[in-house]
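Single-letter residue listing:
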Amino acid sequence: MEQEEEVVAAAAREDEDSQLIYRIERPVYNETLIQAQLLKRKEDTTTNSYAMLAAVPPVYGLYSSFYPVLLYTFFGTSRHISVGTFAVISLMIGGVAVREAPDSMFMNINATGANASDAINVELRDKSRVQVAVMVTTLAGLIQVTCLNHCLLRFGFVAIYLTEPLVRGFTTAASMHVVISQLKYLLGVETQPLYSCLTVLFLTCVNVVAEGLSSLFHGFPPRVHFQELIALGLCNFISSFFQTFAVTCSMSRSLVQESTGGKTQIAGLLASLLVLVVVVAVGFVFEPLPQTALAAIIMVNLIGMFKQFRDIPSLWRTSKIELAIWVIAFIASVLLGLDYGLLVAVTFAILTVIYRTQSPKTSILGHVANTGLYCDVDEYEEAAEYEGIKIFHSNSSIYFANSDLYVNSLKEKTGLNPEHLQAARKAQKKRKEKTNSNRSSPLKICDETVTHDVLSQSHVAEDQKNGQFGDRHGDSEEAVFLEPFSTVHSIILDWTSATFIDSVGAKAIRQVIKEYAAVDVRVPAACFSAGNLLAELDTLKFFTKDLTTDFLFPTVHDAVLHCQHSNSHPSVAAVSDTT
């Protein structure tokens, strides 16, 4: 047995001599344990009424609360939401109806004087506006089933940019439009609408908003989400033949259904049957109801919307960018109208994504002893840098929009600018040539190994920090010391957050590696998803015979061990894990 153990031990030693070994033994950490014990952060300073919004007679609101809800019982996939009329959608439909069928088109020429109140042919006007609303609803249903269908034209990705702050800011602005539109009924004051709708924009906005509002209710997997979109499209398309206007997921109805214990689509079926009873049996009771009362009902229902102003202080504390999205969506929708406002808000949301990737957070990482973890040295006290190694981390991919910033941040964070080092090297070379030519002076040339013995470490560190060669003796002819310009021999690029790299980014990285190689600084990279980046780099013809895949490592620690081993004496067989 002893002989066998000796043989195994000898074989292990032989393997260690031929290949670096990465060994580490520690407990399994979770984030709670890390934050509590391991790391310490550094201190740092309603239905009838909605028909009025759609500019159609109130009874059509009842129709829109019966047929679509009944159809959703059979086509719908969600057991939690309740479809029906929604203030924002109704208001946008009303904008189109009023624009296409304005009061000026239905004036009674013979109505004058005391009969001025009858100057408008209300019956003909309402009939025309119903036709417009029905046509828009039909088209909206078709668009939902086709253009926004993930299975067909795959246009549903647009809803990704309808973030919750955007939708909440947009719906808050829409609530203000609703309130202003109801003042003429509540106070008898004639008001002008704050928006102007374009048909094409409206058709797109209605469907995108419908999908975005539905996404506010969490817990739906992507597959169910797009089945859901087809269901809403069918509800709108089929119901439009029964003179309804567009419906979507109603937040207030869904909350009521959830709070009353509704668990399946049967809850919506029962609600639609109740509406049917109202339409058939007791609808005449509500016919003489004054519009002032309906306007009051609408305004009361909007109280919850206006409570969304409370988002502002909360977002100020948590995310300034999301606060900006909320404010831009609100202001643009109030001043420009719901159509242009939504377009501006979505555009701004896309720009914030570009900004976040174009201006990533960068840091220098250090190891936490006996853990194998690497953390920001400026953020955590326990994180310490390896001697001679800089680990540069960026939380974004590298592409045309941020490649220059990436390179500049790399040079700034590491404190090593290859151009400065090259200039210092040339200056040193000139000094050496000058001393060689001046044979009359007693000069003593000392190589780098002697320099470390002669000069104190404090002076060396001071000069190396500036990245420049300092002639300690000025023009003195007693001695000239040829010193190394930096103790850093390796810069590791941490690509663990990178998901892609384009041709511009690859070119920038290749140039950086070349520049640092000229001053004897190696630049390996670490990425656990190296397979994806490797394929992209191969496609971009990034690798050459001088720059091979040997520079890419699966983890930061693998790259650290490689750099330590490469910089050590050749007789060193293996580098142990100093962590």
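The model shown is predicted, which means the values in this text are computed figures rather than measured ones. All residue numbers here refer to positions counted from 1 along the written sequence of the relevant chain. Restriction of local features to residues with pLDDT of at least 70 applies here, the model being predicted, together with a cutoff of 80 or more for giving and counting side-chain atom pairs; totals for whole chains, interfaces and linings are based on all residues. Based on all heavy atoms of the structure, the side-chain values leave hydrogens and waters out of the count.

## Section: the pattern of salt bridges
So, point 1. Between Lys or Arg on one side and Asp or Glu on the other, a salt bridge is scored when a side-chain nitrogen of the former is within 4 Å of a carboxyl oxygen of the latter. This structure, assessed with the given rule, holds 9 salt bridges.
So, point 2. Its salt-bridge partner being R125, residue D126 comes within 3.2 Å of it at the nearest N-O pair. Per residue, the accessibility class of D126 equals that of R125, and both read buried.
So, point 3. Between D520 and R425 there is a salt bridge whose closest N-O contact spans 3.3 Å. Separated by 95 residues along the polypeptide, D520 in the loop between α22 (503-517) and β9 (525-526) and R425 in helix α19 (residues 418-437) bring together distant segments of the chain.
So, point 4. Categorising residues by exposure relies on relative accessible area from a 1.4 Å probe, with only protein chains included: less than 20% of the type maximum marks a residue as buried, more than 50% marks it as exposed, and the intermediate range marks it as partly exposed. The class for R425 is partly exposed, based on a relative accessible area of 30%.
So, point 5. Taken together, the salt bridges that share partners define one network made up of D103, R125, D126 and R129. Starting at the N terminus, helices and strands are each numbered in turn, a helix being any DSSP run of H or I of at least four residues and a strand any DSSP run of E of at least two.

## Some remarks on the pairing of strand β8 (residues 490-494)
So, point 1. For β8, the buried fraction is high: 5 of the 5 residues fall into the buried class.
So, point 2. The side-chain alternation of β8 yields two buried faces, one formed by S490, I492 and D494 and the other by I491 and L493.
So, point 3. Strands pair, by our definition, only if DSSP identifies at least two bridges between them. Across 5 bridges, the pairing between strand β5 (residues 389-394) and β8 is parallel. Within β8, the residue paired with H393 across the bridge is D494.
So, point 4. Sheet analysis places β8 next to β9, joined by 2 bridges and oriented parallel.

## Concerning the side chain of S396
So, point 1. With respect to the secondary-structure elements, S396 resides in the loop between β5 and α18 (403-414).
So, point 2. Definition of a polar contact: a pair of N or O atoms within 3.5 Å, with one able to donate and the other able to accept a hydrogen when the atoms are protein atoms, and with sequence-neighbouring residues admitted only if both atoms are side-chain atoms. Within polar-contact distance, the side chain of S396 engages the backbone oxygen of T357 at 3.2 Å.
So, point 3. Residues contacting S396, with those up to four places away along its chain left out, are T357, P360, N402, S497 and A498. The contact criterion used throughout is that any non-hydrogen atoms of two residues lie within 4.5 Å.

## What to know about the nonpolar core
So, point 1. The biggest cluster of nonpolar side chains holds 40 residues, and the ones touching the most others in it are I491, L493, W495, I509, Y516, F542 and F551.
So, point 2. Not counting residues up to four positions away in its chain, the partners in contact with I509 are I398, Y406, L493, W495, I501 and F542.
So, point 3. Working definition of a nonpolar core: buried Ala, Val, Leu, Ile, Met, Phe, Trp, Tyr and Cys residues. They are joined through side-chain atoms within 4.5 Å. With 34 residues, the next largest nonpolar core counts Y60, L91, I298 and M305 among its residues.

## What about the packing of α18 against α22?
Any two packed helices are characterised by the angle at which their axes cross and by the distance between the axes.
So, point 1. Two numbers describe how α18 lies on α22: the axes approach to 9 Å, and their chain directions differ by 30°. Here α18 is positioned roughly parallel relative to α22, judged by the angle of their axes. Relative to α22, the crossing made by α18 is right-handed. Together, S403, Y406, V407, L410, K411 and T414 of α18 and V504, G505, A508, I509, V512, E515 and Y516 of α22 make up the contact between the two elements.
So, point 2. Residues were grouped as follows: Ala, Val, Leu, Ile, Met, Phe, Trp, Tyr, Cys and Pro as nonpolar; Asp, Glu, Lys and Arg as charged; and all remaining residues, including Gly, as polar. Classifying every residue of the contact of α18 with α22 by side-chain character gives 8 nonpolar, 3 polar and 2 charged. Orientation is described by lines fitted to C-alpha atoms, with helices fitted over the stretch in contact, and by angles between N-to-C directions that extend from 0 to 180 degrees. Roughly parallel refers to an angle under 35 degrees, roughly antiparallel to one over 145, roughly perpendicular to one between 65 and 115, and oblique to any angle outside these ranges. Less than a right angle of anticlockwise turn of the near helix away from the far helix marks a crossing as left-handed, whereas a clockwise turn marks it as right-handed.

## Regarding the sheet that holds β9
So, point 1. Here 6 strands make up an open sheet; going across it, the order is β4-β3-β5-β8-β9-β10 and the pairing mixed. The sheet is open, and its two edges are formed by β4 (373-376) and β10 (552-553), each paired on a single side.
So, point 2. One ladder, built from 4 bridges, connects strand β3 (residues 362-368) with β5; its direction is antiparallel. Each bridged residue has a counterpart across the sheet, and for T362 the counterpart in β5 is S394.

## Points about the side chain of S128
So, point 1. Relative to the helices and strands, S128 is located in helix α7 (residues 122-145).
So, point 2. Taking the relative accessible area as the measure of exposure, S128 reaches 18% and is therefore buried.
So, point 3. Aside from chain neighbours lying at most four places away, what touches S128 is A101 and F106.

## Description of the packing of aromatic side chains
So, point 1. Note on ring pairs: Phe, Tyr and Trp rings are taken, using the six-membered ring of Trp, and paired if centres are within 6.5 Å. Classes follow the plane angle, with under 30 degrees stacked, over 60 edge-to-face and the rest tilted. Throughout the structure, instances matching the rule amount to 16 aromatic pairs.
So, point 2. Relative to F330, the ring of W326 lies with its centre 5.6 Å away and its plane at 25°, an arrangement referred to as stacked. On the criterion of helical spacing, the pair formed by W326 and F330 is a turn pair, its members being 4 residues apart in helix α16 (residues 320-336).
So, point 3. Looking at F330, the relative accessible area reads 15%, which means it is buried.
So, point 4. Members of the aromatic cluster, each reached through a chain of ring pairs, are F306, F309, W326 and F330.
So, point 5. Two conditions define a charge located above a ring, namely a distance within 6 Å from the ring centre to NZ of Lys or CZ of Arg, and an angle within 35 degrees of the ring normal. The ring centre of W316 lies 4.6 Å from the NZ or CZ of K320, which sits over that ring.

## Let's talk about the confidence of the model for the protein
Any residue range with low pLDDT should be treated as having predicted coordinates unsuitable for detailed reading.
So, point 1. Confidence in the prediction for the protein averages 75 pLDDT; 73% of positions are at 70 or higher.
So, point 2. The quantity called pLDDT is the predictor's confidence in a given residue, expressed from 0 to 100. Contacts for the low-pLDDT stretch residues 1-14, under 50 throughout, to residues beyond four places or in other chains number 0 contacts.
So, point 3. Counting interchain partners and residues more than four positions distant, the pLDDT-below-50 stretch residues 569-579 has 27 contacts.

## Considerations on the environment of F553
So, point 1. Position of F553 relative to the elements: it lies in strand β10.
So, point 2. As for F553 and A525, which are separated by 28 residues in sequence, their C-alpha atoms are 6.2 Å apart.
So, point 3. The contacts of F553, once residues within four sequence positions are left out, are P524, A525, A526, C527, D558, A559 and H562.

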